[in-house]
Amino acid sequence: MSLFTPEFLDRLFSADHVTVLTGAGASAESGIATFRDPDGLWSKSSPAELASYDAFVRNPVRVQSWYSARIRAVLGADPNPCHVSVAALEELVPTVTVVTQNVDRLHHRAGSTNVVELHGNLIDTYCVTCGETCTTLEVDPDASEPAKCVCGGLVRPAVVWFGETLSRTAFDAAVMAASRCDVCICIGTSAEVQPAASLPILASDHGSYVVEFNVRETAISDRIDATVLGRAGTLMPLLINEMREQSNVGAH
Ligand code: BJW
(Lines give C-alpha, C1' and ligand atoms only; values in the text may rest on other atoms or scores of the structure.)
Protein backbone atom coordinates (compact mmCIF):
# COMPACT_ATOMS: atom_id res chain seq x y z
CA MET A 1 0.00 0.00 0.00
CA SER A 2 1.57 3.29 -1.13
CA LEU A 3 1.91 6.33 1.14
CA PHE A 4 1.33 8.48 -1.91
CA THR A 5 -2.07 9.23 -3.42
CA PRO A 6 -2.84 7.75 -6.87
CA GLU A 7 -3.40 11.26 -8.26
CA PHE A 8 0.04 12.40 -7.08
CA LEU A 9 1.71 9.35 -8.63
CA ASP A 10 -0.25 9.72 -11.90
CA ARG A 11 0.66 13.39 -12.19
CA LEU A 12 4.29 12.64 -11.38
CA PHE A 13 4.61 9.79 -13.90
CA SER A 14 3.33 12.03 -16.69
CA ALA A 15 5.16 15.20 -15.55
CA ASP A 16 7.55 17.03 -17.87
CA HIS A 17 8.71 19.44 -15.17
CA VAL A 18 8.87 18.90 -11.40
CA THR A 19 9.84 21.68 -9.03
CA VAL A 20 11.14 20.64 -5.60
CA LEU A 21 11.06 23.37 -2.94
CA THR A 22 13.20 22.47 0.05
CA GLY A 23 13.63 23.89 3.53
CA ALA A 24 15.68 23.10 6.59
CA GLY A 25 13.83 19.80 7.24
CA ALA A 26 15.44 18.38 4.09
CA SER A 27 18.87 18.74 5.73
CA ALA A 28 17.79 17.82 9.27
CA GLU A 29 18.84 14.19 8.79
CA SER A 30 22.32 15.41 7.80
CA GLY A 31 22.56 16.78 11.35
CA ILE A 32 21.96 20.40 10.37
CA ALA A 33 19.62 22.24 12.74
CA THR A 34 16.30 23.59 11.49
CA PHE A 35 15.05 27.03 12.57
CA ARG A 36 11.53 26.76 13.98
CA ASP A 37 11.37 23.23 15.38
CA PRO A 38 11.32 22.89 19.19
CA ASP A 39 15.11 22.28 19.18
CA GLY A 40 15.74 24.59 16.22
CA LEU A 41 18.10 27.56 15.97
CA TRP A 42 15.41 30.11 16.82
CA SER A 43 14.55 28.23 20.04
CA LYS A 44 18.00 29.17 21.36
CA SER A 45 18.61 32.61 19.83
CA SER A 46 16.43 35.33 18.41
CA PRO A 47 16.50 35.87 14.64
CA ALA A 48 16.39 39.61 15.37
CA GLU A 49 19.82 39.31 17.04
CA LEU A 50 21.43 37.12 14.38
CA ALA A 51 19.75 37.18 10.99
CA SER A 52 19.47 40.83 10.02
CA TYR A 53 21.91 43.42 8.77
CA ASP A 54 21.12 45.68 11.76
CA ALA A 55 22.02 42.88 14.17
CA PHE A 56 25.27 42.27 12.27
CA VAL A 57 26.37 45.89 12.44
CA ARG A 58 25.33 46.14 16.11
CA ASN A 59 27.35 43.09 17.16
CA PRO A 60 29.52 41.72 14.32
CA VAL A 61 31.54 39.36 16.55
CA ARG A 62 28.35 37.70 17.84
CA VAL A 63 26.92 37.25 14.34
CA GLN A 64 30.23 36.18 12.76
CA SER A 65 30.97 33.65 15.51
CA TRP A 66 27.44 32.21 15.24
CA TYR A 67 27.92 31.82 11.49
CA SER A 68 31.45 30.41 11.97
CA ALA A 69 29.95 27.55 13.96
CA ARG A 70 27.24 26.97 11.35
CA ILE A 71 29.78 26.99 8.50
CA ARG A 72 31.82 24.35 10.34
CA ALA A 73 28.65 22.25 10.83
CA VAL A 74 27.77 22.44 7.15
CA LEU A 75 31.29 21.62 5.97
CA GLY A 76 31.29 18.59 8.27
CA ALA A 77 27.89 17.32 7.06
CA ASP A 78 27.04 14.99 4.18
CA PRO A 79 24.00 14.81 1.91
CA ASN A 80 21.33 12.45 3.29
CA PRO A 81 18.93 10.10 1.44
CA CYS A 82 16.55 12.99 0.79
CA HIS A 83 19.21 15.00 -1.13
CA VAL A 84 20.34 11.87 -2.98
CA SER A 85 16.75 11.02 -3.98
CA VAL A 86 16.02 14.57 -5.13
CA ALA A 87 19.09 14.30 -7.38
CA ALA A 88 17.86 10.89 -8.63
CA LEU A 89 14.58 12.49 -9.78
CA GLU A 90 16.58 13.85 -12.72
CA GLU A 91 16.82 10.29 -14.14
CA LEU A 92 13.03 9.94 -14.04
CA VAL A 93 11.59 13.33 -15.05
CA PRO A 94 12.66 15.41 -18.09
CA THR A 95 13.10 18.67 -16.16
CA VAL A 96 13.69 19.05 -12.43
CA THR A 97 14.26 22.39 -10.72
CA VAL A 98 15.34 22.38 -7.09
CA VAL A 99 14.44 25.65 -5.38
CA THR A 100 16.06 25.62 -1.97
CA GLN A 101 15.89 27.93 1.01
CA ASN A 102 18.85 26.04 2.44
CA VAL A 103 22.30 27.58 2.50
CA ASP A 104 24.28 24.36 2.96
CA ARG A 105 25.02 23.36 -0.67
CA LEU A 106 23.98 19.76 0.08
CA HIS A 107 21.77 19.51 -3.03
CA HIS A 108 24.77 20.37 -5.21
CA ARG A 109 26.93 17.87 -3.36
CA ALA A 110 24.26 15.14 -3.85
CA GLY A 111 24.36 15.73 -7.62
CA SER A 112 21.36 17.97 -8.41
CA THR A 113 22.28 20.00 -11.48
CA ASN A 114 19.59 22.71 -11.50
CA VAL A 115 19.52 24.32 -8.06
CA VAL A 116 18.17 27.78 -7.28
CA GLU A 117 19.43 29.11 -3.94
CA LEU A 118 16.81 31.54 -2.67
CA HIS A 119 18.60 32.51 0.53
CA GLY A 120 22.20 32.42 -0.73
CA ASN A 121 24.80 30.13 0.78
CA LEU A 122 26.99 29.78 3.84
CA ILE A 123 30.17 28.92 1.97
CA ASP A 124 30.85 32.29 0.35
CA THR A 125 31.67 35.45 2.27
CA TYR A 126 32.09 39.04 1.14
CA CYS A 127 33.01 42.47 2.42
CA VAL A 128 30.09 44.80 3.13
CA THR A 129 32.23 47.83 2.20
CA CYS A 130 34.05 46.92 -1.03
CA GLY A 131 32.01 43.85 -2.02
CA GLU A 132 35.12 41.70 -2.55
CA THR A 133 34.98 37.98 -1.81
CA CYS A 134 36.80 37.27 1.47
CA THR A 135 38.46 34.04 2.45
CA THR A 136 36.81 33.61 5.86
CA LEU A 137 34.73 35.16 8.62
CA GLU A 138 36.01 32.68 11.20
CA VAL A 139 35.81 34.35 14.61
CA ASP A 140 35.57 33.10 18.23
CA PRO A 141 32.63 34.30 20.33
CA ASP A 142 35.09 35.99 22.74
CA ALA A 143 37.19 37.69 20.02
CA SER A 144 37.86 41.35 20.67
CA GLU A 145 37.69 42.30 16.98
CA PRO A 146 35.41 41.14 14.16
CA ALA A 147 36.80 39.54 10.98
CA LYS A 148 37.59 42.27 8.46
CA CYS A 149 38.49 42.54 4.80
CA VAL A 150 41.86 44.00 3.75
CA CYS A 151 39.96 47.26 3.09
CA GLY A 152 38.81 47.34 6.74
CA GLY A 153 35.15 46.49 6.00
CA LEU A 154 33.23 43.81 7.88
CA VAL A 155 33.03 40.32 6.40
CA ARG A 156 29.58 38.73 6.15
CA PRO A 157 28.18 35.41 4.91
CA ALA A 158 26.54 35.40 1.47
CA VAL A 159 23.11 34.58 2.92
CA VAL A 160 19.85 36.54 2.74
CA TRP A 161 18.85 38.04 6.08
CA PHE A 162 15.40 39.24 7.13
CA GLY A 163 14.53 42.55 5.47
CA GLU A 164 16.97 41.89 2.61
CA THR A 165 15.78 41.25 -0.90
CA LEU A 166 16.47 37.93 -2.56
CA SER A 167 18.73 37.81 -5.62
CA ARG A 168 16.59 38.93 -8.58
CA THR A 169 18.02 36.16 -10.76
CA ALA A 170 17.29 33.48 -8.17
CA PHE A 171 13.79 34.74 -7.43
CA ASP A 172 12.89 35.06 -11.13
CA ALA A 173 14.13 31.51 -11.74
CA ALA A 174 12.06 30.25 -8.77
CA VAL A 175 8.91 32.01 -9.97
CA MET A 176 9.42 30.57 -13.45
CA ALA A 177 9.92 27.07 -12.02
CA ALA A 178 6.83 27.36 -9.80
CA SER A 179 4.59 28.70 -12.54
CA ARG A 180 5.65 26.16 -15.19
CA CYS A 181 5.89 22.89 -13.27
CA ASP A 182 3.39 20.03 -13.48
CA VAL A 183 4.14 18.86 -9.93
CA CYS A 184 5.62 20.77 -7.00
CA ILE A 185 7.04 18.82 -4.05
CA CYS A 186 7.71 20.88 -0.90
CA ILE A 187 10.08 19.14 1.47
CA GLY A 188 10.78 20.10 5.08
CA THR A 189 9.74 23.72 5.08
CA SER A 190 7.44 25.39 7.61
CA ALA A 191 6.36 27.76 4.79
CA GLU A 192 6.45 30.68 7.18
CA VAL A 193 9.03 32.83 5.42
CA GLN A 194 8.11 34.97 2.43
CA PRO A 195 8.47 35.13 -0.49
CA ALA A 196 9.53 31.44 -0.59
CA ALA A 197 6.27 30.32 1.02
CA SER A 198 4.26 31.88 -1.80
CA LEU A 199 5.90 29.66 -4.45
CA PRO A 200 3.81 26.50 -3.83
CA ILE A 201 0.67 28.65 -3.90
CA LEU A 202 1.81 30.15 -7.21
CA ALA A 203 2.40 26.63 -8.53
CA SER A 204 -1.07 25.58 -7.41
CA ASP A 205 -2.65 28.66 -9.02
CA HIS A 206 -0.98 27.64 -12.29
CA GLY A 207 -2.49 24.16 -12.16
CA SER A 208 0.42 22.24 -10.67
CA TYR A 209 -0.24 19.33 -8.27
CA VAL A 210 1.35 20.46 -5.01
CA VAL A 211 2.34 18.04 -2.26
CA GLU A 212 4.41 18.49 0.88
CA PHE A 213 6.59 15.99 2.74
CA ASN A 214 6.96 17.02 6.36
CA VAL A 215 6.93 15.57 9.86
CA ARG A 216 4.00 17.84 10.67
CA GLU A 217 1.40 20.02 8.99
CA THR A 218 2.51 23.50 7.95
CA ALA A 219 1.22 26.97 7.17
CA ILE A 220 0.26 25.86 3.63
CA SER A 221 -1.18 22.39 4.35
CA ASP A 222 -4.77 23.47 3.80
CA ARG A 223 -3.93 25.28 0.55
CA ILE A 224 -2.23 22.47 -1.35
CA ASP A 225 -3.28 19.08 -2.74
CA ALA A 226 -1.71 16.70 -0.22
CA THR A 227 0.47 16.43 2.86
CA VAL A 228 2.49 13.25 3.37
CA LEU A 229 3.64 13.00 6.97
CA GLY A 230 7.08 11.50 7.54
CA ARG A 231 10.79 12.18 7.43
CA ALA A 232 12.23 13.55 4.24
CA GLY A 233 15.03 10.98 4.26
CA THR A 234 12.45 8.18 4.36
CA LEU A 235 9.74 9.55 2.04
CA MET A 236 11.94 10.68 -0.87
CA PRO A 237 13.70 7.29 -1.27
CA LEU A 238 10.28 5.55 -1.11
CA LEU A 239 9.01 7.84 -3.85
CA ILE A 240 12.03 7.21 -6.08
CA ASN A 241 11.64 3.44 -5.57
CA GLU A 242 7.97 3.61 -6.62
CA MET A 243 8.88 5.66 -9.68
CA ARG A 244 11.66 3.25 -10.68
CA GLU A 245 9.36 0.24 -10.25
CA GLN A 246 6.70 1.93 -12.34
CA SER A 247 9.12 2.83 -15.12
CA ASN A 248 10.40 -0.80 -15.16
CA VAL A 249 6.80 -2.06 -15.46
CA GLY A 250 6.21 0.42 -18.29
CA ALA A 251 9.36 -0.78 -20.07
CA HIS A 252 8.23 -4.46 -20.13
C1 BJW B 1 11.18 17.83 8.65
C2 BJW B 1 12.17 17.06 9.20
C3 BJW B 1 12.45 15.88 8.56
C4 BJW B 1 12.03 18.77 10.42
N5 BJW B 1 11.77 15.56 7.47
N6 BJW B 1 10.50 17.49 7.58
C7 BJW B 1 5.16 39.16 3.48
C8 BJW B 1 4.40 38.85 4.58
C9 BJW B 1 4.97 38.76 5.85
C10 BJW B 1 6.33 38.98 6.05
C11 BJW B 1 7.09 39.27 4.94
C12 BJW B 1 6.52 39.36 3.69
N13 BJW B 1 7.50 39.63 2.80
C14 BJW B 1 8.67 39.73 3.47
C15 BJW B 1 8.45 39.53 4.77
C16 BJW B 1 9.49 39.58 5.83
C17 BJW B 1 10.28 38.30 5.95
C18 BJW B 1 9.37 37.17 6.40
O19 BJW B 1 8.95 36.31 5.65
N20 BJW B 1 9.07 37.11 7.69
C21 BJW B 1 8.21 36.02 8.23
C22 BJW B 1 8.99 35.23 9.27
C23 BJW B 1 6.96 36.64 8.76
N24 BJW B 1 10.95 37.97 4.71
C25 BJW B 1 12.08 38.57 4.35
O26 BJW B 1 12.58 39.47 5.01
C27 BJW B 1 12.73 38.11 3.07
N28 BJW B 1 13.03 39.22 2.23
C29 BJW B 1 12.11 39.82 1.50
O30 BJW B 1 10.96 39.43 1.44
O31 BJW B 1 12.57 40.90 0.79
C32 BJW B 1 11.62 41.82 0.27
C33 BJW B 1 11.17 42.67 1.43
C34 BJW B 1 12.11 43.25 2.22
C35 BJW B 1 11.69 44.03 3.29
C36 BJW B 1 10.34 44.19 3.55
C37 BJW B 1 9.40 43.57 2.72
C38 BJW B 1 9.83 42.83 1.63
C39 BJW B 1 14.06 37.46 3.37
C40 BJW B 1 13.92 36.19 4.12
C41 BJW B 1 15.30 35.64 4.49
C42 BJW B 1 15.20 34.43 5.38
N43 BJW B 1 16.47 34.14 5.91
C44 BJW B 1 16.66 32.96 6.72
C45 BJW B 1 18.09 32.96 7.26
C46 BJW B 1 19.07 32.64 6.11
C47 BJW B 1 20.48 32.69 6.57
C48 BJW B 1 20.82 31.64 7.59
O49 BJW B 1 20.72 30.43 7.32
O50 BJW B 1 21.20 32.03 8.69
O51 BJW B 1 16.40 31.78 5.93
S52 BJW B 1 15.47 32.81 8.05
C53 BJW B 1 15.31 31.05 7.96
O54 BJW B 1 13.95 30.71 7.59
C55 BJW B 1 16.21 30.62 6.77
C56 BJW B 1 15.33 29.60 6.10
O57 BJW B 1 15.73 29.43 4.74
C58 BJW B 1 13.95 30.19 6.25
C59 BJW B 1 12.83 29.20 6.07
O60 BJW B 1 12.86 28.24 7.09
P61 BJW B 1 12.54 26.72 6.75
O62 BJW B 1 13.55 26.20 5.81
O63 BJW B 1 11.14 26.56 6.37
O64 BJW B 1 12.88 26.02 8.17
P65 BJW B 1 11.93 25.89 9.47
O66 BJW B 1 12.81 25.58 10.61
O67 BJW B 1 11.00 27.02 9.60
O68 BJW B 1 11.02 24.62 9.14
C69 BJW B 1 11.58 23.31 9.08
C70 BJW B 1 10.47 22.37 8.67
O71 BJW B 1 11.03 21.08 8.48
C72 BJW B 1 9.36 22.23 9.73
O73 BJW B 1 8.11 22.34 9.07
C74 BJW B 1 9.57 20.83 10.29
O75 BJW B 1 8.35 20.22 10.67
C76 BJW B 1 10.20 20.13 9.13
N77 BJW B 1 11.08 19.02 9.47
N78 BJW B 1 12.66 17.77 10.34
C79 BJW B 1 10.79 16.42 7.03
N80 BJW B 1 13.41 15.07 9.04
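A brief structural summary. Given the structure is predicted, the values throughout are model-derived calculations rather than measurements. (Residues numbered from 1 in each chain as written. Predicted model: local features only at pLDDT ≥ 70, side-chain atom pairs only at ≥ 80, totals over all residues. Heavy atoms only, no water.)

### Here's the deal with the sheet that holds strand β2 (residues 95-100)
The condition is simple: Strands are labelled as partners when DSSP assigns at least two bridges between them. Numbering goes from the N terminus for both helices and strands, where a helix is a DSSP run of H or I of at least four residues and a strand is a run of E of at least two. Between N-to-C directions, angles span 0 to 180 degrees; the directions come from axes that are lines fitted to C-alpha atoms, helices contributing only their stretch in contact.
The strand order across the open sheet built from 6 strands is β3-β2-β1-β6-β7-β8, with neighbouring strands paired in parallel fashion. Looking along the sheet, the strands with just one partner apiece sit at the ends: β3 (115-117) and β8 (226-229). Between one strand and the next, the sheet's axes are offset by a mean angle of 20°, whatever the strand orientation. In this structure, strand β1 (residues 17-22) lies alongside β2, joined through 6 bridges in parallel fashion. Paired with L21 across the bridge in β2 is V99.

### A look at the pairing of strand β5 (residues 155-159)
Two faces belong to every sheet, and in a regular strand the side chains alternate between them. Put simply, the rule is: Only protein chains enter the area calculation, which uses a 1.4 Å probe; residues under 20% of their type maximum are buried, those over 50% are exposed, and those in between are partly exposed.
The element β5 is extensively covered by neighbouring structure, given that 5 of its 5 residues are classed as buried. Where strand β4 (residues 120-127) lies against β5, 4 bridges are found, and the strand directions are antiparallel. For T125, the partnering residue across the bridge sits in β5 and is P157.

### Quick notes on the site of the ligand
Threshold: Any residue with a heavy atom lying within 4 Å of a molecule or strand is counted as near it. Only the protein chains shown count as cover for residues, and the accessible areas themselves come from Shrake-Rupley with a 1.4 Å probe. Both cavities and pockets are sets of points on a 1 Å grid over the protein atoms alone; in a cavity a 1.4 Å probe fits but cannot get out, in a pocket the set is open with protein on both sides within 12 Å along at least five of seven lines, and lining residues sit with an atom within 4 Å of a point. For a molecule to be placed in a cavity or pocket, more than half of its atoms must lie within 2 Å of the grid points of that cavity or pocket.
The local shell around the ligand holds 35 residues, among which Y67, R70, S190, Q194 and N214 are the closest. Coverage of the ligand by the protein amounts to 76% of the 1500 Å² it exposes when considered alone. With respect to the pocket detection grid, the ligand is positioned in the largest pocket. Those elements giving two or more residues to the shell around the ligand turn out to be α2 (25-28) and α6 (60-75).

### Considerations on the pattern of salt bridges
Rules: What makes a salt bridge here is a side-chain nitrogen of Lys or Arg within 4 Å of a carboxyl oxygen of Asp or Glu, nothing more.
All chains considered together, the criterion is met by 12 salt bridges. Two residues, R168 and D172, come together in a salt bridge whose shortest N-O distance is 3.0 Å. Of the two residues, R168 and D172 both sit in helix α9 (residues 168-180), 4 residues apart, roughly one turn of that helix. Exposure remark for D172: the relative accessible area of 37% places this residue in the partly exposed category. The network of salt bridges with shared partners includes R105, E117 and D124.

### What about the packing of aromatic side chains?
Test applied: For Phe, Tyr and Trp, rings pair up if their centres lie within 6.5 Å, where Trp contributes its six-membered ring, and each pair is then called stacked (planes under 30 degrees apart), edge-to-face (over 60) or tilted (otherwise).
By the definition in use, this model includes 10 aromatic pairs. Ring geometry for F4 and F8: centres 6.0 Å apart, planes at 65°, overall edge-to-face. With relative accessibility at 4%, the residue F4 sits in the buried group. Taken together, a centroid distance of 6.2 Å and an interplanar angle of 85° make the contact between F8 and F213 edge-to-face. Of the two residues, F8 is situated in helix α1 (residues 6-13) and F213 in strand β7 (residues 209-214); the sequence distance between them amounts to 205 residues. Looking at F8, the relative accessible area reads 1%, which means it is buried. Note on F213: relative accessible area 0%, which makes it buried. Counting every residue linked through ring pairs, the aromatic cluster contains F35, W42, Y53, F56, W66, Y67 and W161.

### Comments concerning the side chain of T125
Rules: N or O atoms closer than or at 3.5 Å make up a polar contact, with two conditions inside protein: a donor-capable atom paired with an acceptor-capable one, and, for residues adjacent in sequence, both atoms drawn from side chains. Should any heavy atoms of two residues lie within 4.5 Å, those residues are counted as being in contact.
The residue T125 is located in strand β4 in this model. A distance of 2.6 Å separates the side chain of T125 from the backbone oxygen of C134, its partner in a polar contact. When sequence neighbours within four positions are dropped, the list of residues in contact with T125 reads E132, T133, C134, T135, T136, L137, V155, R156, P157 and A158.

### A closer look at the nonpolar core
Here is the rule we go by: To form a nonpolar core, buried Ala, Val, Leu, Ile, Met, Phe, Trp, Tyr and Cys residues must be joined to one another through side-chain atoms within 4.5 Å.
Ranked by internal contacts, the top residues of the largest apolar core, which has 30 residues, are F8, I185, I187, F213 and L239. Of all the secondary-structure elements, those providing two or more residues to this core are α1, β1, α7 (81-88), β2, β6 (183-187), β7, β8 and α11 (232-251). When residues of this core are assigned to their parent elements, the largest contribution, 6 residues, is made by α11. Once residues lying within four places of it in the same chain are set aside, the contact partners of I187 are V20, L21, T22, G23, A26, C82, V86, F213, A232 and M236.

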